[in-house]
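Secondary and tertiary structure notes
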Amino acid sequence: MTQAKNGDTVRINYTGRLADGTQFDSSGSEPLQFKLGEGQVIPGLETHVEGMEVGAKSTVTVPADAAYGPHRPEAVMTVDRARVPDNINVDIGTRLQARTPEGRPMQVTVVGVDDASVKLDGNHPLAGKDLVFDVELVEIVQAA
């Protein structure tokens with residue numbers, strides 16, 4: 001059988017879970033298509049798929065450093081509540097778009113709120129977490 005290699009365009013079915021079994025993502029009804037070596041998926045998943053044969057199924061635990069990286073405390077910030085427009089929902093867990101000091105957009109999550117301030121986390125929601133993937137290589141669409 002042909003093995004997936006760097007430069008191949010592949011299609012996989014997958015289910016992603018946290019270490020406690022909580023599912024956070026899946027390919028759903030259509031396989032995910034991506035090109036190996038292009039950084040289109042997290043590094044640990046890409047490394048795992050490389051070398052798989054079509055039809056193969058496996059489970060891999062991807063450590064945080066090979067997924068979304070460590071949780072960076074410096075990416076958590078507190079802003080004055082008055083700086084957030086009244087029409088913006090600041091319930092804990094709400095994802096918002098903010099701007100960096102350089103003006104670039106960035107996603108943040110509300111992680112705390114009181115009358116005076118809103119605490120925002122600029123880390124990816126899965127940063128600092130080891131991820132478990134059940135993977136099936138469905139097809140090598142285009143070999144390198």
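Taking an unreviewed UniProt entry as the reference, the protein is identified by name as Peptidyl-prolyl cis-trans isomerase belonging to Mesorhizobium muleiense. Under Subcellular location (unreviewed entry), UniProt gives the following word-for-word description of the protein: "Cytoplasm". Quoted verbatim from the Catalytic activity (unreviewed entry) field of the UniProt record, the comment on the protein reads "[protein]-peptidylproline (omega=180) = [protein]-peptidylproline (omega=0)".

1. Some words on the sheet that holds strand β8 (residues 117-121)
A sheet is described by the order of its strands in space; here four strands give the open sequence β5-β8-β7-β6, paired in antiparallel fashion. Single-partner strands in this sheet number two, and they are β5 (76-80) and β6 (95-99). Along the sheet, successive strands turn relative to each other by an average axial angle of 45 degrees, direction set aside. In this sheet, β8 lies alongside strand β7 (residues 105-113) in antiparallel orientation, the contact comprising four bridges. Following the sheet pairing, threonine 109 is matched in β8 by aspartate 121.

2. Remarks on the domain arrangement of the protein
It is common to give the size of an interface as the accessible area that goes away when the parts come together. You can read the domains of the protein as domain 1 (3-69 + 126-142) and domain 2 (73-121). Computed from C-alpha atoms alone, the centre-to-centre distance between domain 1 and domain 2 is 31 Å.

3. Some remarks on the nonpolar core
Membership of the largest hydrophobic core comes to 21 residues, with the highest contact counts inside it found for Val10, Ile12, Leu45, Val49, Phe133 and Leu137. Of all the elements in the fold, those that place two or more residues in this core are β1 (9-18), α1 (43-49), β4 (57-62) and β9 (131-142). If one sorts the elements of this core by residue count, β9 sits on top with five residues. Setting aside its immediate chain neighbours within four residues, valine 49 contacts Ala4, Val10, Ile12, Phe34, Leu36, Val135 and Leu137.

Cut-offs used in this document
Residues numbered from 1 in each chain as written. Predicted model: local features only at pLDDT ≥ 70, side-chain atom pairs only at ≥ 80, totals over all residues. Heavy atoms only, no water. UniProt positions renumbered as here; feature names shortened; annotations may be inferred. Pairing = 2+ DSSP bridges. Helix = DSSP H or I, 4+ residues; strand = E, 2+ residues; numbered from the N terminus. Axes fitted to C-alpha atoms, helices over the stretch in contact; angles between N-to-C directions. Domains from an automatic or database assignment. Core = buried A, V, L, I, M, F, W, Y, C linked by side-chain atoms within 4.5 Å. Buried < 20%, exposed > 50% of the residue type's maximum accessible area, 1.4 Å probe, protein only. Contact = heavy atoms within 4.5 Å.

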